[in-house]
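A closer look at the structure
So the chains spell out like this:
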Amino acid sequence: MDRRLTTSYLQSGLDLMPEKTILSSTSDPSKKEIGLLLDLLPTKLRNLILKYDPELTFLELILDNAKEAELRLPTKQTIILPYIVTQTDLKSLTGKLPAFGKSGRTGVPKTLHRVSRVPDLNNETVGVTIRVGLQREAYLPLISDLLTGEESLLIIGPPGSGKTTLLRETCNYLSEEKHVIVVDKTNELGGEGNPPHPSLGAARRFQIPNGSNQSQVLLMALESHWPEVLVVDEVSTREEAEALLSVSRRGTKIIATAHARKIEDLIENPPLLDLMGKISTVTLGDDEAEKRATGKIVRERELAPVFDTVIQLDSFDRVSIYYTLKDVLDTYLSGGIIIPEERRLRDGEVLLTIPFKLGQRSQAKPINIEAKLQLEYNGNGKSHLLNGKKKT
């Protein structure tokens, strides 16, 4: 299926809508912040965006020199706008933004929008990807019961799945009662500049100074500022994984994100093996291999993993939960099958699909999100209690 839509397939007869018709009349803070983004663009391009995406639902704007501008929508479709981007357009846009960091990213001040550059051989910017930063309570109703405990949580999903949005919700939610520190690797959580974006609530934001790395700031935040909850976006290197392993042994709750489509991808990612308890390959003796009914070369974890629970973002209304990560890892490494608890948001209710026994078909049961949801381990899987009474 071709997901690239030229404007000839759209409603070409739409009149151009004045900017203030959309941007000043809305109470949605995300839409108002899109107005600050549109103000940076050439007038013709801005008007075309308002014409072909009047509700401003786009997630990304792609601008490459000498090519047509593209809008990427939540539906995974792309609108090809009848506007050829010039090098002058790109220079004008980047001149209005803070300098790009080493990661090739910057942001629109006072917003959550992220701008990533495309350099040429002379390090001149010949293209940008603008990702719209969103404020919304997307996943929070699905996992709010998991946030208040002492367990550390790892949130995984592919790029664009909503991991950073969920971290912002989490910071806002937890900082009402706990001392929360955010280590903002790329300024994507709190936006460019200071103070950070209000979507972080009362959480304190630590940025990464030039010449430092995230692992150094993680340890400094822990040792000098004593957070109850440490929030980290985009754990991607071995050094960051080692730092979090150290933090996890000091009693601080950690909530972090990592890029992985499925939990199996996370377990097989070499730089992040320390997060999983230092998984390594070992050679068994003949007797031990026979006792385990395995080959002589196996993989095992050396330590307890950094996180207690993994939250896998499957879609904006569905997540998979892997509890007791050490057991999940041992099962996977021994060749077993791992089955998560699934949660879906439907018509204001959270629907749980709970694997009570391995190989048994799961059952879906509705739970009112207004009520206090408690989960307990029953030895074979998860049972759930609602207001202290077991649901049947």
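This write-up is about the structure you can find in this document. (Residues numbered from 1 in each chain as written. Predicted model: local features only at pLDDT ≥ 70, side-chain atom pairs only at ≥ 80, totals over all residues. Heavy atoms only, no water.)

Observations regarding the packing of helix α7 (residues 214-225) against helix α8 (residues 238-248)
Operational definition: Between N-to-C directions, angles cover 0 to 180 degrees, with each direction set by a line fitted to C-alpha atoms, over the stretch in contact for helices. Strands are runs of DSSP state E lasting at least two residues, helices are runs of H or I lasting at least four, and both sets are numbered from the N terminus onward. Note on terminology: angles under 35 degrees are roughly parallel, angles over 145 are roughly antiparallel, angles of 65 to 115 are roughly perpendicular, and the others are oblique. In this scheme the crossing of two helices becomes right-handed for a clockwise turn of the near helix relative to the far one and left-handed for an anticlockwise turn of less than a right angle. Residue contacts are counted whenever heavy atoms from the two residues lie within 4.5 Å of one another. In this classification, Asp, Glu, Lys and Arg are treated as charged, Ala, Val, Leu, Ile, Met, Phe, Trp, Tyr, Cys and Pro as nonpolar, and every other residue, Gly included, as polar.
Interhelical geometry of α7 versus α8 gives an angle of 15 degrees and a closest axis separation of 8 Å. With respect to each other, α7 and α8 are oriented roughly parallel. In terms of crossing hand, the pair formed by α7 and α8 is right-handed. Residue-level contacts link Gln214, Ser215, Leu218, Leu219 and Leu222 of α7 to Glu239, Glu240, Ala243, Leu244, Ser246 and Val247 of α8. When the residues that make up the contact of α7 with α8 are grouped by side-chain class, the tally is six nonpolar, three polar and two charged.

Overview of a negative patch on the surface
The line we're drawing: Patches in this entry comprise residues that are over 30% relatively accessible and not in a salt bridge; like charges within 9 Å are linked, as are nonpolar side chains (Val, Leu, Ile, Met, Phe, Trp, Tyr) within 5 Å. Each accessible area is a Shrake-Rupley result for a 1.4 Å probe, and residues are judged covered by the shown protein chains and nothing else. Take a side-chain nitrogen of Lys or Arg and a carboxyl oxygen of Asp or Glu: if they are within 4 Å of each other, that pair is a salt bridge. Here the positive residues are Lys and Arg and the negative ones are Asp and Glu; neither His nor the chain ends is included. One atom stands in for each charge, and that atom is NZ of Lys, CZ of Arg, CG of Asp or CD of Glu.
Taken together, the side chains of Glu150, Glu151, Glu228 and Asp308 define an acidic patch exposed on the protein surface. By the secondary structure assignment, Glu151 is in the loop between α5 (140-147) and β8 (153-157).

Some details on the packing of aromatic side chains
Centre distance and the angle of the planes are the two values used to describe a pair of aromatic rings. Note the following rule: Ring geometry is summarised as follows: Phe, Tyr and Trp rings, the Trp one being its six-membered ring, pair when their centres sit within 6.5 Å, and such pairs are stacked at plane angles under 30 degrees, edge-to-face over 60 and tilted between the two. Two conditions define a charge sitting above a ring: the NZ of Lys or the CZ of Arg must be within 6 Å of the ring centre, and it must be within 35 degrees of the ring normal.
For the structure on display, the rule yields zero aromatic pairs. It is Arg117 that lies over the ring of Phe100; its NZ or CZ is 5.8 Å from the centre.

Some details on the side chain of Arg114
What counts here: Here a polar contact is recorded for every N or O atom pair within 3.5 Å, except that within protein the pair must consist of a potential hydrogen donor and a potential acceptor, and residues adjacent in sequence are included only if both atoms are side-chain atoms.
Mapped onto the elements of the fold, Arg114 is located in strand β6 (residues 114-119). A polar contact of 2.8 Å, which involves the side chain of Arg114, links it to the side chain of Glu188. In this structure Arg114 touches Arg105, Thr106, Gly107, Thr129, Ile130, Arg131, Glu188 and Glu234, once residues within four positions along its chain are discounted.

Describing the pattern of salt bridges
To keep things clear, this is the line we draw: Throughout, exposure labels follow a simple rule: accessible area from a 1.4 Å probe, protein chains only, divided by the maximum for the residue type, with under 20% read as buried, over 50% as exposed, and the rest as partly exposed.
Going through the model one piece at a time under the given rule, you end up with 16 salt bridges. For Glu60, the salt bridge is made with Arg72, and the minimal N-O distance between the two is 3.2 Å. Taken together, the positions of Glu60 in strand β2 (residues 60-64) and Arg72 in strand β3 (residues 68-72) put the pair twelve residues apart, joining distant regions of the chain. A relative accessible area of 11% means that Glu60 is categorised as buried. Judged by its relative accessible area of 34%, Arg72 falls in the partly exposed class. A salt bridge links Arg205 to Asp184, with the shortest nitrogen-to-oxygen separation between them at 2.8 Å. Of this pair, Arg205 sits in strand β10 (residues 204-207) while Asp184 sits in strand β9 (residues 180-184), and the two are 21 residues apart along the sequence. Within the structure, one salt-bridge network assembled from shared partners comprises Arg105, Arg114, Glu188 and Glu234.

Notes on the nonpolar core
A general trend in soluble globular proteins is that nonpolar side chains are found buried together. Heads up, the condition is: We define the nonpolar core as a collection of buried residues of types Ala, Val, Leu, Ile, Met, Phe, Trp, Tyr and Cys that are connected through side-chain atoms lying within 4.5 Å of one another.
Counting residues in each nonpolar core, the largest one holds 38 residues, and the members touching the most others are Leu154, Leu244, Ile263, Leu275, Met276 and Phe307. Contributing elements (two or more residues each) for this core: β8, β9, α7, β11 (229-232), α8, β12 (253-259), α9 (263-267) and α11 (325-333). When residues in this core are grouped by element, the largest group, five residues, is from α8. What Leu275 contacts, discounting residues up to four positions off in sequence, is Val235, Ala241, Leu244, Pro305, Val306 and Phe307. Within the second largest apolar cluster, 30 residues are counted, among which are Ile49, Leu71, Val85 and Leu93.

Regarding unusual backbone geometry
The phi angle at Leu56 is positive, at roughly 50 degrees, despite the residue not being glycine. In this structure, Asn123 is a non-glycine residue whose phi angle is positive, near 65 degrees.

Observations concerning α8
Because each turn of an α-helix spans 3.6 residues, side chains separated by three or four positions end up pointing in the same direction. Glu240, Ala241, Ala243, Leu244, Leu245, Val247 and Ser248 are the residues of α8 that are buried. Where the residues of α8 are buried, they touch α7, β11 and β12.

Regarding the environment of Ile62
Within the secondary structure, Ile62 is located in strand β2. Taking the C-alpha atoms as reference points, Ile62 and Ser116, 54 residues apart in sequence, are found 9.9 Å from one another. In this structure Ile62 touches Ala69, Glu70, Arg72, Val128 and Thr129, once residues within four positions along its chain are discounted.

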